[in-house]
Structures are given as C-alpha cells and as structure tokens.
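# Structure assessment
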Amino acid sequence: MPRRTDPDVAIRCSDISVAYAGGARAVDGVSFTLPHAGSLALMGPTGAGKSSLAAVLAGSEDHRLAVVGGSADVLGIPVRRPGRAHRQLVYQVGYLAQGAGARLPARMTVNDVIGEPITSRDRRVNARALAVRIATLLDEMQLPLGAAAKFPYELSAGMRQRVALARALVLQPRILIADDPLTALDPGVRHVVYDAIVARSLAHGMSALIVTNDADLVRELNADVVVLHGGHVVAQGQGAQLMWTPSAEGEHRSLAS
C-alpha cells in the first residue's frame, strides 16, 4: 500500500516518547507539527531531551535511543519503524548533530567530508559537478576555496562547524535538522546559518527544525517554538511570541518577546 503523506506537514509528532537503552525517558509525550518551508526551534535547558528528539527525527542510527511511545512522521515516513524507507528518510533530511564540527573525519579532506553523503551513495558521480557544488557551498559558508584541500584539524573550530553544515546541506535536503548550529561560530559569521536556511526555504520549500537557545536565531527565522523541560513540553508558541531563557536561579522561564 502506498504511504500517505500530509501535503502541508514536514514533521508531525504525536505524543512521542523516546527512551535510552537503560529505560530512562529522554522525551515523554511530545506533540507538534512542522509545516513545509517552516521553521521550528526546540528550546530548553540542558538535559531537556532536545538533542535526543532531534536525533530520532533525523533517522540517526544511535542504538542508545528508541521510540517507545506515540508516533512521529517525517515526510510521511514513520521514525519508529521506517523499514526500507529509512534510506529515503536520511537522504531527504540533512542532519547537523550536536558538536558535529568537532567530530569531522580526521583523515578526510574538507572536499571529501562535504561530498561523502553523495559519493557514498553513487561512486560514479560526476566529479566536476560535485566539485562545483562543494565550491558553491564553501562560498556560501564564507570559507575559502583553498579549504577544500585541507584536513579538519587544519581549520578553526568555527570553520569546522561551517564545514559540517555544508555537509548537512550537500544533498539539498527537504528538511534540515540542526542541533545547536551556532556552536563555535563568531558573531560575524553566524548569519551564514540563517541565510542558508532562509534561502532554501524560499527557493525550495525546505523546512528547518533547530535545537537552539539563541533568541536571535529564532527571531531571524521567525521560528515557532517548543520549549522542553525534563522531556516534557512546558510551552509552545508561534513566531517570536515565545522565548526561553535561563533565570538567575538556573530554572527555566518562558518570556513573551
């Protein structure tokens, strides 16, 4: 039977619960929808379950995490038991994992790191076309073309983070799931993140699910907000109407902007 898809929704979570291998709940009963070409920010304190939820929705093969309740569909593909559709899921979702820039393959050049999602799927890829795509991404990330021949350890932390983002975008995904994409980025280059998201949203209808507590990024994307605490949704809002910030006591609070 063909899989039915919702033409208006990129991600739909319905009471989803995610647990670690030991049984502890990382996420418990979370529901939200992300429309096509829309942006949504997962906010909240450390340990709230944001990264675990993002990893599951991206189709990460982290065997420490499992969906144990509810459901979530990403582009019509159920993340709980995707079966053969898992390959389609990870092809259409660009995933920037937490700290991805610090974990780039040390023995691969930047050119190979960015192109690997393509070359691993098609060994007969047109080398010239791939080189052009990588050069375009390097320019978009404000990285010198000479960086393509370098190894990750030869770059700064901020440059490595932008390489990781370029890698997440190289397949021209329908959804970008980015976990703390501003990590290690200087204020002067942070705009490359939201510029890249906005440009693809307008041109190709790409959706974005961003794990961040950066209020400026949320405002730039005009993202809807879901605030998690202890694995539960404690607040939801549209656009910049809702923000999360840590209080002086370390507790969470949601603020109307």
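An account of the accompanying structure is given in this report. None of these values were measured; they are calculated from a predicted model. (Residues numbered from 1 in each chain as written. Predicted model: local features only at pLDDT ≥ 70, side-chain atom pairs only at ≥ 80, totals over all residues. Heavy atoms only, no water.)

### Looking at the overall build of the protein chain
Within the protein chain one finds 7 helices and 12 strands. In summary, the protein chain has a C-alpha radius of gyration of 18 Å against a globular reference of 18 Å for 257 residues, a match within 12%. Its C-alpha atoms give the protein chain principal-axis dimensions of about 50 × 50 × 40 Å. Within the span of the protein chain, comprising 257 residues, buried residues form 47% of the whole. Here the contacts in the protein chain between residues at least 6 apart in sequence split such that 65% fall between residues at least 24 apart. For the protein chain, the exposed area adds up to about 12,900 Å²; of that, 48% sits on carbon and sulfur atoms. Averaged over its 26 positive side-chain charges, the protein chain has a centre that lies 8 Å from the centre of its 23 negative ones. (Helix = DSSP H or I, 4+ residues; strand = E, 2+ residues; numbered from the N terminus. Rg over C-alpha atoms; globule rule 2.2 N^0.38 Å. Buried < 20%, exposed > 50% of the residue type's maximum accessible area, 1.4 Å probe, protein only. Contact = heavy atoms within 4.5 Å. Areas by Shrake-Rupley, 256 points an atom, 1.4 Å probe, with all protein chains shown as cover. Lys, Arg positive; Asp, Glu negative; His and termini not counted. Charge placed at Lys NZ, Arg CZ, Asp CG, Glu CD.)

### Structural notes on the sheet that holds strand 5 (residues 77-78)
Overall, antiparallel pairing links the 4 strands, which are arranged 2-1-4-5 in an open sheet. Where the open sheet ends on each side, the last strands, each with one partner, are strand 2 (25-35) and strand 5. Judged from the 7 bridges that link them, strand 1 (residues 9-20) and strand 2 form a sheet pairing that is antiparallel. Among the inter-strand pairings, V18 is bridged to a residue of strand 2, identified as V27. Contacting strand 1, strand 2 and strand 4 (65-74), helix 1 (residues 50-57) crosses the sheet at an angle of about 60° to strand 4. (Pairing = 2+ DSSP bridges. Axes fitted to C-alpha atoms, helices over the stretch in contact; angles between N-to-C directions.)

### Quick look at the nonpolar core
Counting 47 residues, the largest nonpolar core has I114, V163, L169, L176, V193 and I197 as the members making the most contacts within it. With 7 residues, the top contributor of residues to this core is helix 5 (residues 157-169). Sequence-distant contacts of I114, defined by excluding residues within four places in its chain, comprise I134, L137, L138, V163, A166, R167 and V170. In this structure, L34, A54, L75 and A85 belong to the second largest nonpolar core, which totals 35 residues. (Core = buried A, V, L, I, M, F, W, Y, C linked by side-chain atoms within 4.5 Å.)

### A closer look at helix 1
Where burial is concerned, most of helix 1 is hidden: 7 out of the 8 residues are buried. Where helix 1 is concerned, the buried positions are K50, S52, L53, A54, A55, V56 and L57. Backbone geometry just downstream of helix 1 places G59 in the positive-phi region, at approximately 80°.

### Notes on the layout of surface pockets
Reported here for the largest pocket is a volume of approximately 670 Å³. Lining the largest pocket are 25 residues, with V90, V93, Y95, P117 and R167 sitting closest to its centre. Those elements giving two or more residues to the lining of the largest pocket turn out to be helix 2 (86-92), strand 6 (93-96) and helix 5. (1 Å grid on protein atoms, 1.4 Å probe; cavity = no way out; pocket = protein on both sides within 12 Å on 5 of 7 lines; lining within 4 Å. Points joined across faces, edges and corners; volume = space filled by probe spheres on them.)

### Considerations on the sheet that holds strand 8 (residues 207-211)
Overall, mixed pairing links the 6 strands, which are arranged 6-7-8-3-9-10 in an open sheet. Each edge of the sheet is formed by a strand with only one pairing partner; in this case those strands are strand 6 and strand 10 (232-237). With direction set aside, neighbouring strand axes in the sheet form an average angle of 15°. Relative to strand 8, strand 3 (residues 39-43) runs parallel, the two being bridged by 4 bridges. Directly across from L42, in strand 8, lies its bridge partner V211.

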